Amino acid sequence: MSNELHQPESTPQENMLPQPRAELESFSQIFDGQPFWVYKDPLSLRYYRFNREEHFIIERLRRGVTLEQLKQAHQDEFDTGDLSNQEVGRFISSLTERNLLIMNQSNRDELLYQAAKKRSRAKLFGQFTNILFIKIPLYDPDKLFNRLIGYLRFFWSRSFFLIYLFLLAAAAVLVIRRWHDFVSMSNTGFFTLYNLPILFLAFWLVKALHEFGHGLTCKNYGGEVHELGLLILVFMPMLYCNISDSWTFPSKAHRLLVTAGGILLELFLAAIAAFVWYYTEQPGFIHAFAFNVIIVCSVSTVMFNAMPLMRFDGYYFLMDLIEIPNLRQKANVFMKDFFIRYILGGRSDDTPQEHRFQFVFPLYAVSAFIYRWFIMIVILFSIYAMLKQLHLVWLGRLFVLFTIVMSFLVPMVKTSVSLTKQRYALGISNVRLLILLAVLVVALAGVLFWPHHQHVTLNFVLEPTRIQWLRSEVDGIVHWDEQTCEGAWVDSRMPLVARLENTELPCEAVRLTARIEQTKIEIAQWQNRDETQVEQLRRRLETLLNDEARLNERIAGLEVKAPFTGEILTLDQDINRMRGQYIIRAVPLLLLADTRRLTAKVWVPENTYARIFKHEGQTGQQAELMLYAFSRDRFEGSVGAVSLHREENMGEFGEKLALSNKVGGEVLTEYDPVAEQEKPVETVYEVTIDLDSENLPASAQSFRPYMSGRARIDCGQYTLYQWGRDSLLRFISPEVRL
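These numbers were taken from a predicted model, which means no experiment stands behind them. Along each chain, residue indices are assigned from 1 in the same order as the chain's sequence is written. Per-residue local features of the predicted model are confined to residues with pLDDT of at least 70, and side-chain atom pairs are confined, for both listing and counting, to 80 or more; whole-chain, interface and lining totals are unaffected and use all residues. Just so you know, side-chain values use all the structure's heavy atoms and leave hydrogens and water out.

A.B. asks: Looking at this structure, I do not really get the overall build of the protein chain. What am I missing?
C.D. replies: The helix count covers DSSP runs of H or I at least four residues long, the strand count covers runs of E at least two residues long, and both are numbered beginning at the N terminus. Along the protein chain, the regular secondary structure elements total 22 helices and 24 strands. Partly exposed residues are those whose accessible area sits between 20% and 50% of the maximum for their type, while under 20% is buried and over 50% is exposed, using a 1.4 Å probe and protein chains only. Counting across all 738 residues of the protein chain, residues that qualify as buried make up 39%. Contacts between residues were defined by any pair of non-hydrogen atoms, one from each residue, lying within 4.5 Å. The contacts in the protein chain between residues at least 6 apart in sequence include a share of 73% that link residues at least 24 apart. Carbon and sulfur atoms provide 59% of the accessible area of the protein chain, an area that totals close to 42,800 Å². Here the Shrake-Rupley method, with its probe set to 1.4 Å, supplies the accessible areas, and only the displayed protein chains count as covering residues.

In structure tokens, the structure reads:
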């Protein structure tokens, strides 16, 4: 038999099995304690993993054998029983579809064409069902990486690894030392339209370097990198690098380092950015850019790249770490087999393979499903909100609907149709199927109609319950009282805050007094002489007395007094600027507020109004509030009043700016060049939330007017069905509903 295997020329040509292509390369590995071989197709850059038995068959095919010779050699090598003709046929067919064999059949081209067409259809369908993830190959970077790697090998040395750890530790210490500034920038300056260009620039550069980290690490350990392209992830263009050649590495540590190369580089960039951020001051482009790099290299890395529940770096790292190839597919097969076998009482064709980490399969399958849909919902909500701000609501609705149909409904329908067609072949029990449908209907009804509390969360601004501008009642030169300054309290018993100097008023008072006295004398002279003249003089006297009363009021207005006890909120620089200046009547002088009693002001958009106020005049809804400045404390309040008119501007001096979407609020605003301030572009109503003064936290003594935070307003009992119905009605255009 051995002589026959080494002398294929003695075998009739028509009985020979097809041979593997000569250019195929094989690499041996130890995976999960078992020997495996990875075959590389250098033309298509595709990689295939085979176990010892499959590798044995491929090597015998490479030498040239007949079917009987192959079966005999297999029987001599393995004690697993005879190899059937059907098993050999299926294996050779799978190799043929992958274009790994030299085929002499007359229908060779047709077989390869059909296999390529099948792969193309699957790829096209995958793009339609996942339009948020599109890959476009552009460039072969292998020569570029060959030139670069000679200058960069130090970065994979043990010496640099120690420097790397030191930089990470030092950067963490720097961020902790300025943790308050870091959190403040995260809350107020990150999720704004002004930061969006800087965030996009930092994200694109970081992710480009991330892919270079993968490619150069692969090149450092002897791999080839022949594909660098454009990845459109959630409509954001970035680079991707194909490092599949690392699958051929015999060293598990090298494979893990290649997979983690991008994340390790991002952490290195985050450390460098932390140093730049720490030693630069705000505001400034460099300071803001460094902050964005820190966020991108930490939050996005943890949520996406390092997360093994999605097919990014963390997934492949976990797959190599626990040595389970195609972890996601095997987990799905496990859940499918469990569902068909134990829920439907049938038998599955795809039996999961035994593995020492098999307990991971159900945990991974369920967690990955929940996490993927969580990310999908967050992305869809973000895209819809962004398109809404751009006044492209119709496009946002179309995109959300298309994504839900292609990513959820189509796969669900395909799975249902497939199970229906294979119901008898899989031996599914009709009784169990009916019970399952009944349980699903009852569970769905319970989920849809079980009442629970609904909340609306909005930004709020603290305002004093009593606030008033003190204005000049007459023209004059301002002379402030010596106690008048920013933050000073004005007592209603000693209310004087300023005096206005106007020399014309005393002169006018003297002249008016003289005219009054003259008129009185004339009345006395004409008394008992001419009643008609006396009557005219009396009317003139009455007019003069009225003028005197109004003049006395104006003279009294020279003293600016506080109508109530309160704190002066006007800045010292504004107070000093008006000192000694001549002002006209009705000019605002000071902003006075009783800051001991505060209330929360919330602006409710029109599309949210009905969720809070289901009935006319309804108030008293409970609310839970949190200030950004004191994020650890919670306090309560209740809805006290709602305005009857829409808000036209962001307050008299922009105090409601914290409610704008440009700084993290919900109200859509745009800049008005005429008024030189932001103004709402949608209908909003102001809602007053009265604070529960008896249950305020200890930090309430430090509350200041116009601090902002988040308020969660209780909207009463609501079912998921009602929420879905109302959301769908809001989603559908009014034209369609009408």
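Moving on from the coordinates now.
A.B. asks: Is there a simple way to explain the environment of Ala 488 in this structure?
C.D. replies: You can see Ala 488 is positioned in the loop between strand S11 (476-480) and strand S12 (489-490). Judged by relative accessible area, Ala 488 falls into the buried class, the value being 13%. The spacing of Ala 488 and Leu 569 is 81 residues in sequence and 8.3 Å in space, taken between C-alpha atoms. Those residues in contact with Ala 488 that sit more than four places away from it in its chain are Gln 483, Gly 566, Glu 567 and Ile 568.

A.B. asks: Help me out: how do you make sense of the packing of aromatic side chains in this one?
C.D. replies: Note on aromatic pairs: each is described by the distance of the centres and the angle between the planes. Within 6.5 Å between ring centres, the rings of Phe, Tyr and Trp (the latter by its six-membered ring) count as paired, and their orientation is classed by plane angle as stacked under 30 degrees, edge-to-face over 60, tilted in between. Throughout the structure, instances matching the rule amount to 27 aromatic pairs. When the ring of Tyr 47 is compared with that of Trp 247, the centres are 6.0 Å apart and the planes differ by 75°; the resulting orientation is edge-to-face. Remark: Trp 247 occurs in the loop between strand S8 (236-241) and helix H10 (252-278) and Tyr 47 occurs in strand S4 (residues 46-51); sequence separation between them is 200 residues. Look at Tyr 47 and you get buried, because its relative accessible area is 13%. Look at Phe 630 and Phe 703: their rings are 5.7 Å apart centre to centre, the planes differ by 40°, and that puts the pair in the tilted class. With Phe 630 in the loop between strand S19 (622-627) and strand S20 (635-642) and Phe 703 in the loop between strand S23 (684-691) and strand S24 (708-718), this residue pair connects regions lying 73 residues apart in the sequence. For Phe 630, a relative accessible area of 23% gives the class partly exposed. Chaining the aromatic ring pairs together yields one cluster made of Phe 154, Phe 155, Phe 160, Tyr 164 and Phe 268. Charge-over-ring contacts are defined here by two conditions on Lys NZ or Arg CZ: a distance within 6 Å of the ring centre and an angle within 35 degrees of the ring normal. The ring of Trp 277 has Arg 178 sitting right over it, with the charged end atom 4.8 Å from the ring centre. Against the face of Tyr 278 rests Arg 178, its NZ or CZ located 5.7 Å from the ring centre.

A.B. asks: Explanation requested: the packing of helix H17 (residues 504-525) against helix H18 (residues 531-556) in the structure shown.
C.D. replies: Packed helices, taken two at a time, are described by their axes: the angle between them and the distance between them. Axis lines are fitted to C-alpha atoms, over the contacting stretch for helices. Their N-to-C directions set the angle, which ranges from 0 to 180 degrees. In contact at an axis separation of 9 Å, H17 and H18 are set at 160° when each is read in the N-to-C sense. The orientation of H17 with respect to H18, classified from their angle, is roughly antiparallel. Here H17 and H18 pass one another in a crossing that is left-handed. Here Leu 505, Glu 508, Ala 509, Leu 512, Thr 513, Arg 515, Ile 516, Thr 519, Lys 520, Glu 522 and Ile 523 of H17 lie close against H18, whose contacting residues are Val 534, Leu 537, Arg 538, Arg 540, Leu 541, Leu 544, Leu 545, Asp 547, Glu 548, Leu 551, Arg 554 and Ile 555. Here is the rule for angles: anything less than 35 degrees is roughly parallel, anything more than 145 is roughly antiparallel, 65 through 115 is roughly perpendicular, and the remaining ranges are oblique. Handedness of a crossing is defined here by the sense of rotation of the near helix relative to the far one, left-handed for an anticlockwise turn of less than a right angle and right-handed for a clockwise turn.

A.B. asks: Help me understand a nonpolar patch on the surface in this model?
C.D. replies: Candidates for patches are residues over 30% relative accessible area with no salt bridge; among them, like charges are joined within 9 Å and nonpolar side chains (Val, Leu, Ile, Met, Phe, Trp, Tyr) within 5 Å. We define a salt bridge as a side-chain nitrogen of Lys or Arg found within 4 Å of a carboxyl oxygen belonging to Asp or Glu. Together, Phe 200, Leu 201, Trp 204, Leu 205, Ile 272, Val 276, Phe 285 and Ile 286 line one region of the surface with nonpolar side chains, adding up to about 650 Å² of accessible area. Secondary structure elements with two or more residues in the nonpolar patch: helix H9 (196-220), H10 and helix H11 (285-305). The greatest single-element share of the nonpolar patch, amounting to 4 residues, is contributed by H9. Within the secondary structure, Ile 286 is located in helix H11. Looking at Ile 286, the relative accessible area reads 49%, which means it is partly exposed.

A.B. asks: It is not clear to me how the side chain of Thr 259 should be interpreted in this structure. Could you clarify?
C.D. replies: Along the polypeptide, Thr 259 turns up in helix H10. Here a polar contact is recorded for every N or O atom pair within 3.5 Å, except that within protein the pair must consist of a potential hydrogen donor and a potential acceptor, and residues adjacent in sequence are included only if both atoms are side-chain atoms. In this structure the side chain of Thr 259 is engaged in a polar contact, spanning 3.0 Å, whose partner is the backbone oxygen of Arg 255. What Thr 259 contacts, discounting residues up to four positions off in sequence, is His 214, Asp 313, Tyr 316 and Phe 317.

A.B. asks: Would you explain the pairing of S24 in this entry?
C.D. replies: Looking down a regular strand, the side chains alternate between one sheet face and the other. Paired strands, in this sense, are two strands between which DSSP finds at least two bridges. With 9 bridges joining them, strand S9 (residues 452-464) and S24 adopt antiparallel strand pairing. Bridge assignment links Phe 460 to a residue of S24, and that residue is Gly 709. For S19 and S24, the ladder comprises 5 bridges, and the chain directions are antiparallel. By the bridge assignment for S24, Ala 623 is matched with Ile 713.

A.B. asks: I would appreciate a short explanation of the confidence of the model for the protein chain in the present structure.
C.D. replies: Regions with low pLDDT should not have their predicted coordinates read in detail. Averaged over every residue, the pLDDT of the protein chain is 83; the share at 70 or more is 90%. Think of pLDDT as the predictor's per-residue confidence, scored from 0 to 100. At the low end of the mean pLDDT range in the protein chain sits helix H1 (residues 2-5), at 36; at the high end sits helix H7 (residues 158-177), at 93. Contacts of residues 1-11 to residues separated by more than four positions or lying in other chains number 17 contacts, the stretch itself having pLDDT below 50.

A.B. asks: Just checking my understanding: could you explain the sheet that holds S4 for this structure?
C.D. replies: Hydrogen bonds along the backbone pair up the strands of a sheet, which may run parallel or antiparallel. With antiparallel pairing, 3 strands are arranged side by side in an open sheet as S2-S3-S4. Whereas interior strands pair on both sides, the edge strands pair on one side only; in this sheet they are strand S2 (25-31) and S4. Within this sheet the neighbouring strands show an average axis-to-axis angle of 25°, counted without direction. As paired strands, strand S3 (residues 34-41) and S4 are joined by 6 bridges and run antiparallel to one another. Its bridge partner being in S4, Tyr 39 is matched across the sheet by Tyr 48. In this fold helix H2 (residues 52-63) packs onto S3 and S4, with an angle of close to 110° to the strand it touches most, S4.

A.B. asks: Just to check I follow, could you spell out the side chain of Ser 643 for this structure?
C.D. replies: Topologically, Ser 643 is positioned in the loop between S20 and strand S21 (669-672). Exposure remark for Ser 643: the relative accessible area of 17% places this residue in the buried category. Among the polar contacts listed, one links the side chain of Ser 643 to the backbone oxygen of His 645, at a separation of 3.2 Å. Apart from the residues lying within four places of it in its own chain, the contact partners of Ser 643 are Tyr 685 and Glu 686.

A.B. asks: Sorry, what's going on with the sheet that holds strand S17 (residues 588-593) here?
C.D. replies: The 4 strands lie next to each other as S10-S17-S15-S12, forming an open sheet whose pairing is antiparallel. Looking along the sheet, the strands with just one partner apiece sit at the ends: strand S10 (467-471) and S12.

A.B. asks: Would you mind showing me how to read unusual backbone geometry here?
C.D. replies: Across the chain, the bulk of peptide bonds are trans and the bulk of non-glycine residues have phi less than zero. Positive phi is not limited to glycine here, since Ala 586 has a value of about 80°. Checked against the element boundaries, Ala 586 lands in the loop between strand S16 (582-583) and S17. Positioned with a positive phi, Tyr 706 is a non-glycine residue whose angle comes to about 75°. Note on placement: Tyr 706 falls in the loop between S23 and S24.

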